[in-house]
Amino acid sequence: MGTICGVEMTYSAIEVLRLGHRVGRDPRITTHLALVSRAMGADQFTLAGDMDEKLFENIASVNERFGHGITCRHEQSPMKMLKQVAKSDDELRPLIIHLTMYGEPFKPTIAKLPKNRPVLVVVGGAKVPAELFSISDYNIAVGNQPHSEVAALALFLDCWTEGAGFERQYQNPQLVISPSKSGKDVKEV
Ligand code: SAM
């Protein structure tokens, strides 16, 4: 199924695309989207909307300290990019999965999807272009109520990777945290 940082995974590559980022308003929530992506199995985080160097520096700093696990980039034309992916006749092109409260229920829908395909998970911002619904291969809802893009992404990734997203390994960490019952167990490498 492919590897992440040299580790065989039971699922293929995952890219998360965050639409409509606004530097003045969204840094915290978009940073959380990138951190959840990194911690739960995605290997690429793509930011659309405003470019945000500070956000990228924060994620680079997490990679530096806790191990390299995700690359970030800015996409100037996300809808153009999505259309190009959608029209590709490569049978292993990424499936475009749009997370939206208007979509189909995530668990039964994910159960039907081919796991040998990479996925491009699209998370909306304040306003989502209407054509995204038709460009996407699947519009998937994590419940049909509005809530949080971070919660929707985390639940989707956990279900898609069947929990294996947490098993990935990170390259060249400076700090390694071991599970502990009674406080911090952190080793400097
Ligand atoms: N008003 C926006 C719209 O036009 O859809 C929704 C804004 S919502 C705060 C931001 C993003 O969170 C959505 O685009 C979607 O990706 C995600 N989201 C929120 N609730 C969701 C749900 N129940 N299921 C899946 N994704 C959800």
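Just above sits the structure.
Structural notes, computed from the coordinates. Small disclaimer: the values here were computed from a predicted structure and weren't measured.

It is worth spelling out the packing of helix α1 (residues 27-39) against helix α6 (residues 149-161) at this point. Axis separation between α1 and α6 bottoms out at 9 Å; the angle between their running directions is 10°. In terms of orientation, α1 lies roughly parallel with respect to α6. Taking contact as the criterion, the partners of Ile29, His32, Leu33, Val36 and Ser37 in α1 are, on α6, Glu149, Val150, Leu153, Ala154 and Leu157.

Further remarks concern the site of the ligand. Within the structure, the ligand sits among 17 residues, and Leu99, Gly124, Val142, Gly143 and Gln145 are positioned closest to it. For the ligand, a nitrogen atom lies 3.4 Å from a polar atom in the backbone of Thr100. Within the backbone of Gln145, a nitrogen or oxygen atom sits 2.7 Å from a nitrogen atom of the ligand. Bound to the protein, the ligand loses 80% of the 570 Å² it would expose on its own. Of all the secondary structure elements, the ones that give two or more residues to the shell around the ligand are β6 (95-105), β8 (138-141) and α6.

On to the packing of α1 against helix α2 (residues 53-66), then. Packed helix pairs are characterised by how far apart their axes lie and by the angle those axes make with each other. Their axes nearest at 10 Å, the elements α1 and α2 cross at an angle of 35°. In this structure, α1 meets α2 at a crossing whose hand is right-handed. Contact residues: α1 offers Pro27, Thr30, Thr31, Ala34, Leu35 and Arg38, while α2 offers Leu55, Ile59, Val62, Asn63 and Phe66. For the contact of α1 with α2, the class distribution of residues is 7 nonpolar, 3 polar and 1 charged.

Thresholds applied
Residues numbered from 1 in each chain as written. Predicted model: local features only at pLDDT ≥ 70, side-chain atom pairs only at ≥ 80, totals over all residues. Heavy atoms only, no water. Axes fitted to C-alpha atoms, helices over the stretch in contact; angles between N-to-C directions. Helix = DSSP H or I, 4+ residues; strand = E, 2+ residues; numbered from the N terminus. Parallel < 35°, antiparallel > 145°, perpendicular 65-115°, else oblique. Contact = heavy atoms within 4.5 Å. Near = heavy atom within 4 Å. Polar contact = N/O pair within 3.5 Å; in protein donor to acceptor, adjacent residues only side chain to side chain. Areas by Shrake-Rupley, 256 points an atom, 1.4 Å probe, with all protein chains shown as cover. Left-handed = near helix turned anticlockwise from the far one by under 90°. Nonpolar A, V, L, I, M, F, W, Y, C, P; charged D, E, K, R; others polar.

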